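Listed below, chain by chain, are the residues.
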Number of protein chains: 2
Amino acid sequence: MVGDAIGSKLVSLGHKVMMGSRTATNEKAVAWTSRNGNLASNGTFADAAAFGEIIFNCTTGQVSLEALQLAGRENLQGKILVDVANPLDFSKGMPPSLTICNTDSLGEVIQRQFTDVKVVKALNTMNCQLMVNPGLLNDPGNVFICGNDASAKAEVENLLQSFAWERIIDLGDISAARGTEQILPIWIRLMGKLGTPMFNFSIVQ
Amino acid sequence: MVGDAIGSKLVSLGHKVMMGSRTATNEKAVAWTSRNGNLASNGTFADAAAFGEIIFNCTTGQVSLEALQLAGRENLQGKILVDVANPLDFSKGMPPSLTICNTDSLGEVIQRQFTDVKVVKALNTMNCQLMVNPGLLNDPGNVFICGNDASAKAEVENLLQSFAWERIIDLGDISAARGTEQILPIWIRLMGKLGTPMFNFSIVQ
């Protein structure tokens, strides 16, 4: 769902997008390609990583490292990796717990395991429809980014602005992913309370 | 600081308040009493717990359980305990980690250890000046509460309204404290980024 939303948005903005999956013929990826026209294609994780200038990790957090290993270190090297994933564990029922938290984060683990990749954590604190269409809310609120590479963050900020995001907060280095990932427990509670995933956090002063 | 802010606000609203400390003659508590007039007094944690109809836990999270044990089970029994504390561990430097998180929370630990007390987690997601004066922000944002006892939460909501809080979100039972306590890591990052603790979370739709 997250990859579909972000991929479709990028295509609508004129970018060429390859959707990566475990197999080159993943049914949902093929359907996504056929819905999105000439700029869209699909392939394996490795195909997509080799194809892209900027990579989006839209996998579920528990399999992100495996997916990135399948994508291939050589295909990711030197590139920006926008990490949208959250390390949620639903295996013990609701509410989910986090598989990584407190003194570490998924964003940091990915950065440590892929030292040649410029990891930018972004967009992981909201529903995927809102990620690519902040105007769905009367007050869109904030989107948070963090990462160790300033120029990579600047490129991601440009992309987010092209998604119509105006209030982007750069929280600093990738260790700030601890903060944005640990916001998920209250996000999930709020979704239950409000009865909808269509809300966001706004920082007010 | 938190106890001072909340105690002073309660006195200003006409409540009798006793500030509890380890000793009955704690210097800051004595100074607080002398600043706050006839409705203010101070004593030991046990004195304060015996005195109060509603108890506020404004201790630092790492010593909250010890302070509550000093307050005395018999003095707390049947009462509402508003838990404002966060289980932050600054001992390993900045940023702090959480001593309890993910599958548990300080609010839950207190509720389990004091089963006869009606724990309501509230106000722990913001600076203490803002807790008692939401009008300090142009947009005050939200205050979150949670707890297992509906009538206790209703009483706390009334108190929060008397502090001028309008947008109160009841997140459900005390396990929602996992969410509000785990929001602290991003709060601390935001404080560094914004250069001020005078901000809040607003849930926008």
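**Some details on the relation of the copies chain A and chain B**
The operation relating the pair of chain copies consists of a rotation about an axis and a translation along that axis.
And then number 1: Each copy of the sequence occupies a distinct position, and chain A is placed on chain B by a rotation of 180° and an axial shift of 0.0 Å, giving an RMSD of 0.0 Å. On this basis, the relationship between the two copies can be described by a two-fold rotation axis.
And then number 2: An overlap of 100% is found between the interface residues of chain A and their copies at the interface of chain B, pointing to a shared contact surface.

**Looking at the confidence of the model for chain A**
And then number 1: Averaged over every residue, the pLDDT of chain A is 97; residues scoring 70 or more account for 100%.
And then number 2: Scored as a complex, the prediction yields pTM 0.97 and ipTM 0.96.

**What to know about the sheet that holds strand β9 (residues 168-170) of chain B**
Within a beta sheet, neighbouring strands are joined by backbone hydrogen bonds and run either parallel or antiparallel to one another.
All names here are of chain B.
And then number 1: Ordered by their spatial adjacency, five strands build an open sheet running β3-β4-β7-β8-β9, and the pairing between neighbours is mixed. Edge positions in the sheet fall to β3 (54-57) and β9, since each has one partner strand and no second. This sheet shows a mean twist of 25° between the axes of neighbouring strands, independent of strand direction.
And then number 2: Inspection of the sheet shows strand β4 (residues 80-83) paired to strand β7 (residues 118-122) by four bridges, in the parallel sense. Of the residues in β7, the one forming a bridge with L81 is V119.
And then number 3: Packed on one face of the sheet, helix α6 (residues 106-113) meets β3, β4 and β7 and runs near 170° to β7.

**Focus on the pattern of salt bridges**
Pairing of side chains with opposite charge becomes possible as their charged atoms draw close.
Residue and element names in this part refer to chain A.
And then number 1: According to the stated counting rule, one finds 20 salt bridges over all chains in the structure shown.
And then number 2: Notably, a salt bridge pairs R35 with D4, separated by 2.6 Å at the nearest N-O pair. Within this pair, whereas R35 is found in helix α2 (residues 27-36), its partner D4 is found in helix α1 (residues 2-12), the two being separated by 31 residues in sequence.
And then number 3: D83 is paired through a salt bridge with K121; the nearest N and O atoms lie 2.8 Å apart.

**A short note on the interface of chain A and chain B**
And then number 1: Counting from both sides, the interface comprises 39 residues of chain A and, opposite them, 39 residues of chain B.
And then number 2: For the pairing of chain A and chain B, the buried interface totals around 3,100 Å² over both sides, and the portion due to carbon and sulfur atoms is 62%.
And then number 3: Ranking the residues of chain A by area buried against chain B places R189, V204 and Q205 of chain A at the top, with a combined share of 24%.
And then number 4: Here chain A and chain B share two salt bridges between them.
And then number 5: The partner of R189 of chain B in a salt bridge is D173 of chain A, with the nearest N and O atoms 3.6 Å apart.
And then number 6: Breaking the side of chain A that touches chain B down by element, the ones donating at least two residues are β6 (97-98), β9 (168-170), α9 (177-181), α10 (184-194) and β10 (200-204) of chain A.
And then number 7: Considering each element in turn, the side of chain A that touches chain B owes the most residues, six residues, to α10 of chain A.

Rules used in this analysis
- Residues numbered from 1 in each chain as written.
- Chains lettered and ligands numbered in written order.
- Predicted model: local features only at pLDDT ≥ 70, side-chain atom pairs only at ≥ 80, totals over all residues.
- Heavy atoms only, no water.
- Least-squares fit on C-alpha atoms with pLDDT ≥ 70 in both.
- Contact = heavy atoms within 4.5 Å.
- pLDDT = per-residue confidence, 0-100.
- Pairing = 2+ DSSP bridges.
- Helix = DSSP H or I, 4+ residues; strand = E, 2+ residues; numbered from the N terminus.
- Axes fitted to C-alpha atoms, helices over the stretch in contact; angles between N-to-C directions.
- Salt bridge = Lys/Arg side-chain N within 4 Å of Asp/Glu carboxyl O.
- Buried area = accessible area lost by both parts, 1.4 Å probe.

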